[in-house]
Amino acid sequence: MTQSAHSSGTAKNLVWRLETLVTRLLEGLLTATFMAIFVLVVVLVVLRYVFNTTIVGGNEVTVMLFIFTTALGAAVDVARGKHIIVDTFVNLLSAGARRWLDVVNLAIIGTLNAFLLNYSIDWISAVGGSENPVVHIPEGAVQVAMPIGCALTILFCATRIVSLLADKSAAAEQGQP
Amino acid sequence: MTLLILSLLILMVMGLPIAYSMGASGLLYFLVHQPALISVLPARVFAGMDSSVMISLPLFIIMGHLMNHGGLTSRLIDFCMMFVGRLRGGLGMVSVMASMIFGGISGSSVSDAASIGQVMIPAMRNKGYPPQMAAGLVAASSTMGMIIPPSIPMVIYAFVASESVGKLFLGSLIAGTMVGVFMMMITLFLAHKNNYPCEDVDLSLKEIKRCSLEGIPALIMPLIVVGSVVSGITTATESAAAGTVYALLVGMFVYKGLKLRDLPGLFKDAILSSANVMIIIAFCGIFTWILALEHITEAVGLLFAQMQFSSVVALLVVDVIILAIGFFVDVSPAILLLTPIFLPALKLLGVSPIQFGSVLITGLAVGLVTPPVGMCLNVCSAISGKSIIDVFRGAAPFLVANLLVLLLISVFPALSTWLPSVLMG
């Protein structure tokens, strides 16, 4: 193995470890959050229909948690490569061309999320201070799911790009397309 | 607008995830045409995620996972065997009937195809059915999973169209049942023509009691979920939560196939699947906003008016577009793309949103069994080991049922609107 192939393998290994660690943490967090949403909805149903009462702000909290699961879950799906795509045409490409296209696509996703990250910070600065009338927390505490999700998506785009490029170097070393 | 459509198509063809294709083409549109509005994009995306109705989405997904993981499939098949197993082509009939009932539990065609297919495709092959027919029948009958309520795509449509989930569930009930009945008729015809075997079913009192006791818990599930929404007792989210609790109890204590240690994995899969759809809904907010800015819905309405389309002709034209889009685009993004474009124009022609919902879901269900992106086709191809084209050939005769029902519900609005109007006013 040449030095360049070795270094690209090490870089890929490091990136892979980082990606796996963050992904697992997020998956655990998402699972726990979804379980909390489920329990909260069930408790609200029981309170409403059995005891004719409710937890003030319970519905609002479930929606807030759900927003976080979407923002973080979408980022995790970038890492897992599980987003819904139309793959009819890209499946016709060679492995090498497909890899380059994946790099381009990840770069587009990263750029889009960088724009959203930038503008969402401005947006939260402008309106995030207003208080939710039911649960009395700043709206920004929930809106922050947007920039967090975007930042994680950018991170995963970067790790996927590094992995794909490292794969390309390794394939080139072995004389594959 | 040309820029938006062109860039959206190019990005989707490039294999960019549909959510981000919508987002990137929307961003491009604002950069070129409306740079002053670009700072509003995050608020639009956020608004798409901020929905209490859509919390029912992961709950419906986990409900199906729990029921399936608990050991529902084999019990359901035994239960159906009692009723139709003795007919000619009994196993084929059982596949269709099991898919109908499964549709009332899972709300997802793909999980229907995977669960029923694992058992029924090998069973039919062992009994001498041609493998492509066995796989094709399961793939085609699994389309009922998203037509018969509760239906996950119907919840997504209800959100986009701002319509009652209960009315939409009822609106597609007749369509789903008709698809099942027509598929059974086609199966029976093919079974007689090709001399497929009847099954030797044990109909002793003891066996009937066993199958009934094991099958009835599965039949109660749609009654809880659909019944509570339709009667107005609960919201869609509350009924999905009640259904999930029921699935948890049945899976753990009645079927005993579900263990506590299975739950984290199932909950993880459900919430990630939900995020996958929700992020498309979120980015669709940008797309819908541009449609409004560019007055596209008015333009479509004007086009229909200029061509002097009646509501039936307009719906039939839209049917063709739905079928064509269904060939290439998955169900959820297709709903999100087509609803804001066509629903306002069709409403102006007097088409009920309930009827359009029923037509849209029934039409897109066909796309699950057509190459190249048919998800049910892929699942049954993997199970049977036959190529996608072979499975499609096997499914083609049964898809006549879907197309016939699509035509009927497009021409006769009462098939979709009668039940909701009688039961929900």
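Residues numbered from 1 in each chain as written. Chains lettered and ligands numbered in written order. Predicted model: local features only at pLDDT ≥ 70, side-chain atom pairs only at ≥ 80, totals over all residues. Heavy atoms only, no water.

Asker: Describe the interface of chain B and chain A, with residues and values.
Answerer: Across the boundary between the two partners, chain B contributes 56 residues, which contact 49 residues of chain A. Carbon and sulfur atoms supply 80% of the area that chain B and chain A bury against each other, a total of about 4800 Å² over both sides. For the interface between chain B and chain A, the tally reads 2 salt bridges. With a closest N to O distance of 2.7 Å, Arg48 of chain A and Glu238 of chain B form a salt bridge. On inspection of chain B and its partner chain A, the count reaches 7 residue pairs in polar contact (both at pLDDT 80 or more). Here the side of chain B that touches chain A takes 14 residues from helix α15 (residues 263-293) of chain B, the largest share from any one element. (Contact = heavy atoms within 4.5 Å. Buried area = accessible area lost by both parts, 1.4 Å probe. Salt bridge = Lys/Arg side-chain N within 4 Å of Asp/Glu carboxyl O. Polar contact = N/O pair within 3.5 Å; in protein donor to acceptor, adjacent residues only side chain to side chain. Helix = DSSP H or I, 4+ residues; strand = E, 2+ residues; numbered from the N terminus.)

Asker: Can you lay out a nonpolar patch on the surface for me, pointing to particular residues and giving the numbers?
Answerer: Where nonpolar side chains cluster on the molecular surface, the patch consists of Val46, Tyr49, Val50 and Phe51 of chain A together with Ile233 of chain B and spans about 480 Å² of accessible area. Looking at the element boundaries, Ile233 of chain B is found in the loop between α13 (205-230) and α14 (236-254). (Patch = residues over 30% accessible without salt bridge, like charges linked within 9 Å, V, L, I, M, F, W, Y side chains within 5 Å. Areas by Shrake-Rupley, 256 points an atom, 1.4 Å probe, with all protein chains shown as cover.)

Asker: Please provide a residue-by-residue account of the packing of aromatic side chains, values included.
Answerer: This structure, assessed with the given rule, holds 14 aromatic pairs over all chains. Where Tyr29 of chain B meets Phe30 of chain B, the ring centres are 5.3 Å apart and the plane angle is 90°; that geometry is what we call edge-to-face. Judged by relative accessible area, which is 0%, Phe30 of chain B ranks as buried. With a centroid separation of 5.7 Å and an interplanar angle of 45°, the aromatic rings of Phe304 of chain B and Phe309 of chain B are classed as tilted. Each of the two residues, Phe304 of chain B as well as Phe309 of chain B, counts as buried. Among the aromatic side chains, those forming a connected cluster through ring pairs are Phe34 and Phe38 of chain A together with Phe267 of chain B. (Phe/Tyr/Trp six-rings, centres within 6.5 Å; stacked < 30°, edge-to-face > 60°. Buried < 20%, exposed > 50% of the residue type's maximum accessible area, 1.4 Å probe, protein only.)

Asker: Any chance you could break down the packing of helix α6 (residues 90-106) of chain B against helix α7 (residues 109-126) of chain B for me, citing the residues and the numbers?
Answerer: All names here are of chain B. At a closest axis distance of 10 Å, the pairing of α6 and α7 adopts a crossing angle of 165°. By the criterion of interaxial angle, the relationship of α6 to α7 is roughly antiparallel. Crossing angle aside, the handedness with which α6 passes α7 is right-handed. Where α6 abuts α7, its residues Leu91, Gly92, Val94, Ser95, Ala98, Ser99, Phe102, Gly103 and Ser106 lie against Ser111, Asp112, Ser115, Ile116, Met120, Ala123 and Met124. Here the residues of the contact of α6 with α7 are counted per class, giving 8 nonpolar, 7 polar and 1 charged. (Axes fitted to C-alpha atoms, helices over the stretch in contact; angles between N-to-C directions. Parallel < 35°, antiparallel > 145°, perpendicular 65-115°, else oblique. Left-handed = near helix turned anticlockwise from the far one by under 90°. Nonpolar A, V, L, I, M, F, W, Y, C, P; charged D, E, K, R; others polar.)

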